[in-house]
Amino acid sequence: MIDAVVVGGGPIGLAAALYLDRLGLQVMVLEQRAAPIDKACGEGLMPAAVAALNDLGVRPAGRDFAGIRYLDGRRSVAAHFTGPAGRGVRRTELQSALHSAVLQRQIPIELCRVDAVAQNADSVLVGGVRARYLVAADGLHSPIREQLGMRRAPRRRARWGLRLHYSVAPWSDLVEVHWNDTTEAYVTPTGPGEVGVAVLSSLRVPFEQHLAGFPQLRERLQASPSGAVRGAGPLRQRVRRRVAGRVALVGDAAGYVDALTGEGLSTGLACARRLADCLARDRPEDYERLWRQATRRHRLLTEALLLASGNRTSRRLIVPGAARLPRAFAAVVNQLAG
Ligand SMILES: Cc1cc2nc3c(=O)[nH]c(=O)nc-3n(C[C@H](O)[C@H](O)[C@H](O)COP(=O)(O)OP(=O)(O)OC[C@H]3O[C@@H](n4cnc5c(N)ncnc54)[C@H](O)[C@@H]3O)c2cc1C
């Protein structure tokens, strides 16, 4: 029997495996897709995520960004990070860098789709592997969370995300968030000749149709898109609890509010580290409290912005309001960065 099996070889599952290994636990990863794994993501690593990856010895190639700019076609406001930069990193690059780090540590990664999970007082059995603990990092729609009855019913209007890359030189060293009445479009520099564009909305229309609602941005993206559109959603995932016996949820599987504030990877990495500490101390019961602590600030800020953006009148005040109060905007951006 090994100490921990991680289901899900996305960035958070791989990081959890590295944290567990660093604490001396014997760990393996089960993932259903072959590397490098792509996924719809804004691909902006907030400074805290860059620092956490550095700490794990993982330095994915990308393009640094110095802060966030909000624009609504008439006004714009920029907030620079007061500390280190964030980094725009192609999703496949991020997953490959973590995948290589895991293999370098000789942590086994098995290509396998997990279905049934069984547990008793001492161990968990999953995908033919018996372990003392199971870390479920199986993403937004976590089948393990579903199987163990840890999901809560959604309450609010659902939102979805779509992402596409463009072969165009980044025109800014900031991540731009373009707002219109229904949708946000994020532009993240991911390399010297490439930007990623992610749109978030409750409208389910094709990417091109979303982009038509941002004429200034579309003008900049005359170059042909590279690759295909990827989508994800519904984004909000409510979760009853993060621990069920010897199984613990981490990353998007543990619950998700929205991609609006772009900190999914940094909070996921912070929680993976805390979960590894709990399992190394044989105290899985401590994780729920630590998860709540680590995610509270981001959950509150994202919920507040979502609430404001859900009503057309208050939504139209977001960019003008931030432009009138640039220091308050910068303070919020720096709260999200850390
Ligand atoms: C449109 C959009 C934009 C975003 N923008 C940003 C951003 O700019 N910055 C940021 O920090 N975050 C952003 N996020 C959030 C970020 O993408 C997620 O928080 C992050 O991907 C979570 O990683 P994860 O490892 O938890 O899940 P995932 O990356 O989804 O990995 C889960 C893995 O589990 C595997 N799996 C699932 N089921 C099984 C099974 N039964 N058996 C075996 N394997 C299984 C899957 O194949 C997958 O590889 C964005 C999200 C969206 C949707």
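These notes cover the structure that comes with them. Note on numbering: residues in each chain are counted from 1, in written sequence order. At least 70 in pLDDT is required for a residue's local features to be given in this predicted model, at least 80 for side-chain atom pairs to be given and counted, and no such filter applies to totals for whole chains, interfaces and linings, which use all residues. Here the side-chain values reflect all heavy atoms present in the structure, with hydrogen atoms and water set aside.

### A word on the sheet that holds strand E17 (residues 225-232)
The mixed open sheet is built from 7 strands, whose spatial order is E6-E5-E14-E15-E16-E13-E17. Taken across any chain shown, the strands that pair with only one partner, and hence form the sheet edges, are strand E6 (76-80) and E17. On average, adjacent strands in this sheet sit at an angle of 15° to one another, irrespective of strand direction. Pairing of strand E5 (residues 67-71) with strand E14 (residues 175-179) involves 4 bridges; the strand directions are parallel. Its bridge partner lying in E14, Ile68 is registered against Val175. Here, residues are in contact when the closest pair of their heavy atoms is within 4.5 Å. Lines fitted to the C-alpha atoms define the axes, with helices restricted to the stretch that makes contact. Angles between their N-to-C directions range from 0 to 180 degrees. Secondary structure is summarised from DSSP: a helix means a run of H or I of at least four residues, a strand means a run of E of at least two, and numbering begins at the N terminus for each. Sheet strands in contact with helix H10 (residues 326-337) are E5 and E6, and its direction is about 50° off that of E6. By this definition, two strands are paired if DSSP reports at least two bridges between them.

### Here's the deal with the site of the ligand
Consider each residue's heavy atoms; a residue with any of them within 4 Å of a molecule or strand counts as near. Of all residues adjacent to the ligand, which total 35 residues, the nearest are Glu31, Gly42, Gly44, Arg91 and Asp252. A distance of 2.7 Å separates an oxygen atom of the ligand from a polar atom in the side chain of Glu31. Two N or O atoms form a polar contact when they lie within 3.5 Å of each other; inside protein one atom must be a possible hydrogen donor and the other a possible acceptor, and for residues adjacent in sequence the pair counts only when both atoms belong to side chains. A distance of 2.8 Å separates a nitrogen atom of the ligand from a polar backbone atom of Gly44. Residue burial considers only the protein chains on display, and all accessible areas are found by Shrake-Rupley using a 1.4 Å probe. Taken by itself the ligand offers 1,000 Å² of open surface, and the protein chains cover 94% of this. Counting only elements with at least two residues in the shell around the ligand, the list comes to helix H1 (11-22) and helix H7 (264-280).

### Concerning the packing of helix H8 (residues 287-309) against H10
Where H8 contacts H10, the axes come no closer than 9 Å and their chain directions differ by 140°. Viewed along their axes, H8 and H10 adopt a mutual orientation that is oblique. Between H8 and H10 lies a crossing whose hand is left-handed. Taking contact as the criterion, the partners of Arg297, His298 and Leu301 in H8 are, on H10, Val332, Gln335 and Leu336. The nonpolar class holds Ala, Val, Leu, Ile, Met, Phe, Trp, Tyr, Cys and Pro. Asp, Glu, Lys and Arg form the charged class, and all remaining residues, Gly among them, are polar. Residue composition of the contact of H8 with H10, grouped by class: 3 nonpolar, 2 polar and 1 charged. Throughout, the term roughly parallel applies to angles under 35 degrees, roughly antiparallel to angles over 145, roughly perpendicular to angles from 65 to 115, and oblique to all others. A crossing counts as left-handed when the near helix is turned anticlockwise from the far one by less than a right angle, and as right-handed when that turn is clockwise.

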